[in-house]
Amino acid sequence: MQKKKFLKIGIVLYPTFGGSGVVATELGKELASKGHEIHFITYSRPVRLGELRGNIFFHEVSVSEYPLFDHTPYEQVLTSKLVDVVKYEQLDLLHVHYAIPHASAAYMAQQILKSQFINIPFITTLHGTDITLVGKDPSFEPVITFSINNSNAVTTVSESLKQDTYQHFKITNDIKVIPNFICTNHYNLENNEAYKKRYAPNGEFIITHISNFRAVKRVDDVVRVFNRLKKVVPCRLLFVGDGPERIKIERGCRDSCDRNDVLFLGHLESTKEVLNISDLFILPSETESFGLAALEALASRVPVITTNSGGLPEVVDHGVNGFLSDVGDVEDMTKNALLLLEDKSLLETFSENAYKKALKFDISEVLPIYEQLYFDTCCSMSCS
Ligand code: GMT
């Protein structure tokens, strides 16, 4: 096969506020700006998609309810959609984000297309919870193992997730680490004192946490650290995002915190503006395959107080652009946060270091690695 300059790529993703959906959407947008044709395939329009351009398409997987089914078979509808889109849009490659059900649907679609003499490779990117949480449920294990081993290429977003995958499953396929990335130039915002004043009218420090409020994020540790900080330095806490734990945390804050000190901003389409006015970011997660939110904070020059679990030490350097503590050690997190909040020049140094670290994950570094993998995978499929 003659090497094409541009590929037609189908991207399968969860379209909501989770990091995997954000990474998949931003990747597709960047690939499109390089000239590739991108087809997003999922059940609703990805939140970060923005306006469609000439070479970006969205194919909705719409699942209708049948009275016979207690559970709607999304995977089968997705599989049929993949077959349809690959055939009629003449895609070169599928890139699926998250093992379940995307990799297994891609495998099934690949087999159906093969029976029609169409060969399409698929790449699976593992994002974390598909391996560390969902994957540990034995009822999914055979499907996850099979889909990883039968992907034409597999990537993980950190070295830690690669090791976890080998540890939890019987993997015979190679796994390539391609870290999450960020468009750092999107985070170079001007100082916005007026916006900062809205939340910190008396020059208080702004401490921020952004997540989907799942139990794994340990959001109550954020409140514990904040309440300790509050006794020593003037500060305000901004929560961005929403999810299962939010109501509990919000009610807890009404009892334990001053009404003006803690604000819940809910889901925001863009978090850059809030990070731009933040002094410190707290992410006390139980586990995190990478921690995209931490990288977004670093790109905004905000040092990160986090844990030493999963892939977080690959993103945050202890004592350089943030601090790593044991999971649940709120005393240590508080001590580390105070080291920065009580020393203006140290905070400034960490802030500059944060941006330097984020540059290592700039899209310009990571996109060529994905492109090379796409071409290699297409080539090895057509040569086999
Ligand atoms: O963290 C979440 O709850 C969402 C989850 C997802 O599937 O979108 O995020 C995972 O993928 C992100 C993008 O690769 C990573 O930055 C997150 O660390 C990872 N979450 C966990 O491992 C808990």
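Check the entry above for the structure.
Throughout what follows, the structure given in this document is the object of discussion. All of these numbers come straight from a predicted model, not from anything done at the bench.

Another point: the pairing of strand S1 (residues 8-12). Most of S1 is tucked away, with four of its five residues classed as buried. The sheet contact formed by S1 and strand S2 (residues 37-42) spans five bridges and is parallel. Across the sheet, the residue bridging to Ile9 is Ile38, located in S2. By the bridge criterion, four bridges tie S1 to strand S4 (residues 93-97) in an arrangement that is parallel.

What follows concerns a nonpolar patch on the surface. The grouping of Tyr66, Leu68 and Phe69 at the surface amounts to a nonpolar patch, some 370 Å² of accessible area in total. One can find Tyr66 in the loop between strand S3 (56-60) and helix H2 (74-89).

Contact geometry for helix H3 (residues 99-114) and helix H5 (residues 141-149): axes closest at 9 Å, N-to-C directions at 55°. The angle between H3 and H5 falls in the class oblique. Crossing hand, H3 versus H5: left-handed. In this structure, H3 uses Ala99, Ile100, Ala103, Ser104 and Tyr107 to contact H5, whose residues at the interface are Val143, Ile144, Phe146 and Ser147. Here the contact of H3 with H5 is built from residues that sort into seven nonpolar, two polar and no charged.

The subject of this paragraph is the site of the ligand. In the vicinity of the ligand, 17 residues are found, and the nearest of them are His127, Asn212, Arg214, Lys217 and Glu288. For the ligand, an oxygen atom lies 2.7 Å from a polar atom in the side chain of Glu288. Between Leu292 and the ligand, the recorded distance is 3.0 Å, taken from a backbone N or O atom to an oxygen atom. Within the complex, 95% of the 490 Å² of free accessible area of the ligand lies under protein.

Rules and cut-offs
- Residues numbered from 1 in each chain as written.
- Predicted model: local features only at pLDDT ≥ 70, side-chain atom pairs only at ≥ 80, totals over all residues.
- Heavy atoms only, no water.
- Buried < 20%, exposed > 50% of the residue type's maximum accessible area, 1.4 Å probe, protein only.
- Helix = DSSP H or I, 4+ residues; strand = E, 2+ residues; numbered from the N terminus.
- Pairing = 2+ DSSP bridges.
- Patch = residues over 30% accessible without salt bridge, like charges linked within 9 Å, V, L, I, M, F, W, Y side chains within 5 Å.
- Areas by Shrake-Rupley, 256 points an atom, 1.4 Å probe, with all protein chains shown as cover.
- Salt bridge = Lys/Arg side-chain N within 4 Å of Asp/Glu carboxyl O.
- Axes fitted to C-alpha atoms, helices over the stretch in contact; angles between N-to-C directions.
- Parallel < 35°, antiparallel > 145°, perpendicular 65-115°, else oblique.
- Left-handed = near helix turned anticlockwise from the far one by under 90°.
- Contact = heavy atoms within 4.5 Å.
- Nonpolar A, V, L, I, M, F, W, Y, C, P; charged D, E, K, R; others polar.
- Near = heavy atom within 4 Å.
- Polar contact = N/O pair within 3.5 Å; in protein donor to acceptor, adjacent residues only side chain to side chain.

Take it as geometry only, folks, not as evidence of what the structure does.
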